[in-house]
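Each chain, letter by letter, is given below.
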Amino acid sequence: MATLLAQFSAHFPVWNTIRAAGLTSYLLMFVSVAAGISHSFSFFKPKRKKQLLLVHQSSGWFGLLFGMIHGLVLSLDQSIHFSISDILIPFTSDYKPISTGLGTISLYILFVLIITSDFIRQLGRKTWKAIHFLAFPGYLLALYHGITSGTDTQQPLIVGMYSITGCIVLILLFLRIQHQSSAPKNPKKAQEN
């Protein structure tokens, strides 16, 4: 089996695929979080809100897909030797267990967010919204995972990408809190946000 994996790795750029899938997953998660926060601003017209919601949902689904690819292709890597349990069970990996485990938890949070979004009516909007606030810690865990365990983190372009996306989310979150606190206390309006 090891020989077969070694032959496969020689023809399939495993490490490049792991890195590309991880960075793509992170960027899609960033787009989903940014679009989700932006969707909540009441100054956007309904057509723009509908577009933001579509971007939010689509990037979330694709972020989950690329996150799963990132994790599963790790099992094919011959340099670090991740087992399936190392990938699926947080903090069990020998390679940077804290960072790797937090990345796994981030992916699980994204999975929960996407699944519960399909059951808003059954859960009730209040419960769904409480669950949906996990998007913020999930995003922060993904950011931390990328910065601390990514092999590209020493490259200025990657550091810049993490810095800019992290700052954008923090600014949007701050603006969202400001917008929410200054919004009129109209129950109908509050339900729309």
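From a predicted model like this one, the values you see are computed outputs, not experimental measurements.

Draft legend 1. Fine view of the packing of helix 3 (residues 46–73) against helix 5 (residues 97–117). Closest axis-to-axis distance for the helix 3/helix 5 pair is 10 Å, and the angle between their directions is 145 degrees. Taken as a pair, helix 3 and helix 5 cross one another with a handedness that is left-handed. Residue-level contacts link G60, W61, G63, L64, G67 and M68 of helix 3 to L107, L110, F111 and I114 of helix 5. Among the residues forming the contact of helix 3 with helix 5, the class breakdown is seven nonpolar, three polar and no charged.

Draft legend 2. Main features of the pattern of salt bridges. Taken as a whole, this structure holds one salt bridge when the rule is applied. One salt bridge in this structure joins R19 and D152, with 3.1 Å as the shortest N-O distance. Of this pair, R19 sits in helix 2 (residues 14–39) while D152 is found in the loop between helix 8 (135–149) and helix 9 (156–182), placing the two residues 133 residues apart along the sequence. Note on R19: relative accessible area 28%, which makes it partly exposed.

Draft legend 3. Local environment of the nonpolar core. Counting 18 residues, the largest nonpolar core has Y26, Y139 and Y162 as its most contacted members. At six residues, the largest contribution of residues to this core is made by helix 2. Look past the residues within four positions of Y26 in its chain and what remains in contact with it is Y139, A142, L143, M161, Y162, T165 and G166. By size, the runner-up hydrophobic cluster in this structure holds six residues, among which are V14, I18, L74 and I87.

Draft legend 4. Main features of a nonpolar patch on the surface. Together, W61, F111, V112, I115, F119, L123 and L134 make up an exposed nonpolar region whose accessible area comes to about 580 Å². The greatest single-element share of the nonpolar patch, amounting to three residues, is contributed by helix 5. Structurally, W61 can be placed in helix 3.

Draft legend 5. Representation of unusual backbone geometry within the structure. Positioned with a positive phi, H81 is a non-glycine residue whose angle comes to about 65 degrees. Tracing the chain through its elements places H81 in the loop between helix 3 and helix 4 (84–88). A relative accessible area of 54% means that H81 is categorised as exposed. The residue F91 is not glycine, and still its phi comes out positive at about 70 degrees. Along the chain, F91 falls in the loop between helix 4 and helix 5.

What counts and what doesn't
- Residues numbered from 1 in each chain as written.
- Predicted model: local features only at pLDDT ≥ 70, side-chain atom pairs only at ≥ 80, totals over all residues.
- Heavy atoms only, no water.
- Axes fitted to C-alpha atoms, helices over the stretch in contact; angles between N-to-C directions.
- Helix = DSSP H or I, 4+ residues; strand = E, 2+ residues; numbered from the N terminus.
- Left-handed = near helix turned anticlockwise from the far one by under 90°.
- Contact = heavy atoms within 4.5 Å.
- Nonpolar A, V, L, I, M, F, W, Y, C, P; charged D, E, K, R; others polar.
- Salt bridge = Lys/Arg side-chain N within 4 Å of Asp/Glu carboxyl O.
- Buried < 20%, exposed > 50% of the residue type's maximum accessible area, 1.4 Å probe, protein only.
- Core = buried A, V, L, I, M, F, W, Y, C linked by side-chain atoms within 4.5 Å.
- Patch = residues over 30% accessible without salt bridge, like charges linked within 9 Å, V, L, I, M, F, W, Y side chains within 5 Å.
- Areas by Shrake-Rupley, 256 points an atom, 1.4 Å probe, with all protein chains shown as cover.

So far we have only geometry, and geometry alone does not tell us how the molecule works.
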